[in-house]
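Letter by letter, the chains look like this.
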Amino acid sequence: MDSSTPSSTPLSDAPQALPQLPGPKLAPFTPTAHADIEFIEQLGNPAEDMDSFVWKVRINGMAPYYALKMFQFNAALYLESSIGSYLNRPLASPQLWIDYFDPFRCECRAYGRLKEECREDIAVRAHGYLFLTPEQELEVAKRSTPIQPDDAENDDPWGRAEEPLVADRPVHAIVKDLATDNNHFTRDQIDHLWRDLEDFHKLGILVRDVTVSNYIGGKLIDLSRAWTVPHPSLEYIHERYLRQQRRRDPVCLQNCIIDVGIDDGWNLDEVDMKELDACAIGEGENDGYGIDPRRYDWRKWEDHRTLEATEAFLEHEIYAPPPPEDPEAEGDEEE
Ligand SMILES: Nc1ncnc2c1ncn2[C@@H]1O[C@H](COP(=O)(O)OP(=O)(O)O)[C@@H](O)[C@H]1O
Ligand SMILES: [Mg+2]
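So, a few notes on the structure that sits alongside this text. Note that the structure is predicted; figures quoted are calculated from it, not measured. (Residues numbered from 1 in each chain as written. Chains lettered and ligands numbered in written order. Predicted model: local features only at pLDDT ≥ 70, side-chain atom pairs only at ≥ 80, totals over all residues. Heavy atoms only, no water.)

### Some words on the sheet that holds strand E3 (residues 62-71)
Within a beta sheet, neighbouring strands are joined by backbone hydrogen bonds and run either parallel or antiparallel to one another.
And then number 1: The sheet built from 5 strands is open, its strands ordered E1-E2-E3-E5-E4 with antiparallel pairing. Sheet topology places strand E1 (37-43) and strand E4 (126-131) at the edges, where each strand pairs with a single neighbour. Here the average twist between neighbouring strands, direction ignored, is 35°.
And then number 2: Where E3 meets strand E5 (residues 172-177), 5 bridges bridge the pair, whose relative direction is antiparallel. Among the inter-strand pairings, Leu68 is bridged to a residue of E5, identified as Val175.
And then number 3: Those strands touched by helix H3 (residues 103-116) are E3, E4 and E5, and its axis lies near 40° from that of E5.
And then number 4: Its contacts with the sheet place helix H4 (residues 134-143) against E1, strand E2 (52-59), E3 and E4, and it is angled at close to 25° to E1. (Pairing = 2+ DSSP bridges. Helix = DSSP H or I, 4+ residues; strand = E, 2+ residues; numbered from the N terminus. Axes fitted to C-alpha atoms, helices over the stretch in contact; angles between N-to-C directions. Contact = heavy atoms within 4.5 Å.)

Structure, rendered in structure tokens:
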């Protein structure tokens, strides 16, 4: 890959918007991407939360409080073997698996799209990313409840050991509004939960992690599994798997509404979820699954010059070349 189509997190002092890939990006929260951070208390349930440590923080000694989501690293091989098996074309390098599938980058891309489209109203707002200093990451690891208590991972709380590409990388974090609502969502927010989810799809984002704990006050707070176009998984993927992934968003929202409804004693027969229910069984609008994120026009953000470079990158650089044809196999066919 040449320097005009960069990948990976830059190590230079002048932080750039991330990830360095075609498509939406998230800018640093401060000019250096570093800040003085006071860690006040850990948020969430470490037994449930998979990708991160989230803390209530004060940044540079100033109000307001924020939520800081600090991401563990994922090995490229893990990302490739867990998600990659569904792609029709493998990616060209380990770094590209990280760039497209690592939770921090997935979240940057999704939030970047909400910002460029001025639709930050459909999720808890993100303000930018930060890098932790070694001292800060040590403090968080020491003071946090371990994600998997009896596990050897406690020696490697940030998951660096499995991936040489991240050995010298700082921990990446995203600064978000601190959501303080006590409810995941209420009965009168149900209509907009589905409308917001369809708006994500309209903006070319498949959320892929719709759970009760990912809603606070009727808004999604977690976009770390999202696929945002242009994305290999929305291009070269087994059609059946993509249909299943598209169905998963409405199915999971349906489950969330039922779970919260039962807990809160709603009469679920009175809750109108016709369109959501239809999409969950493939009988909804459009081709059955609601709005197709692949139809989002991401090219409108590119000018003539960058569009050419971006299309060339997407076409020629991110996928591993197909294996050479076996001349003997061809000969066999002819016989
Ligand atoms: N912006 C926020 N405000 C308040 N609490 C938050 C916020 N973001 C996350 N949390 C808490 O932290 C938990 C984990 O955050 P989440 O983004 O879902 O991480 P993961 O990707 O690891 O699941 C959430 O379930 C929630 O309890
Ligand atoms: Mg979550």
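### Section: the site of ligand 1
And then number 1: Of all residues adjacent to ligand 1, which total 20 residues, the nearest are Ser52, Lys69, Asp177, Ala179 and Asn214.
And then number 2: With respect to ligand 1, the side chain of Ser52 contributes an N or O atom lying 2.7 Å from an oxygen atom.
And then number 3: Asp177 is positioned such that a nitrogen or oxygen atom in its backbone is 2.7 Å from a nitrogen atom of ligand 1.
And then number 4: Calculation on ligand 1 without its partners gives an accessible area of 550 Å², and the protein chains cover 92% of this total.
And then number 5: Listing elements by their share of the shell around ligand 1, those giving two or more residues are E2, E3 and E5.
And then number 6: Split by residue class, the shell around ligand 1 holds 9 nonpolar, 5 polar and 6 charged. (Near = heavy atom within 4 Å. Polar contact = N/O pair within 3.5 Å; in protein donor to acceptor, adjacent residues only side chain to side chain. Areas by Shrake-Rupley, 256 points an atom, 1.4 Å probe, with all protein chains shown as cover. Nonpolar A, V, L, I, M, F, W, Y, C, P; charged D, E, K, R; others polar.)

### Quick notes on the pattern of salt bridges
And then number 1: Scanning all chains against the criterion turns up 22 salt bridges.
And then number 2: The partner of Glu239 in a salt bridge is Arg294, with the nearest N and O atoms 3.6 Å apart. Note that Glu239 is positioned in helix H6 (residues 239-264) and Arg294 in the loop between helix H7 (274-280) and helix H8 (304-317), a separation of 55 residues in sequence.
And then number 3: Across the salt bridge formed by Lys274 and Asp272, the nearest N and O atoms sit 3.3 Å from each other.
And then number 4: The class for Lys274 is exposed, based on a relative accessible area of 63%.
And then number 5: Each of Glu239, Arg246, Asp287, Asp292 and Arg294 takes part in a single network of salt bridges with overlapping partners. (Salt bridge = Lys/Arg side-chain N within 4 Å of Asp/Glu carboxyl O. Buried < 20%, exposed > 50% of the residue type's maximum accessible area, 1.4 Å probe, protein only.)

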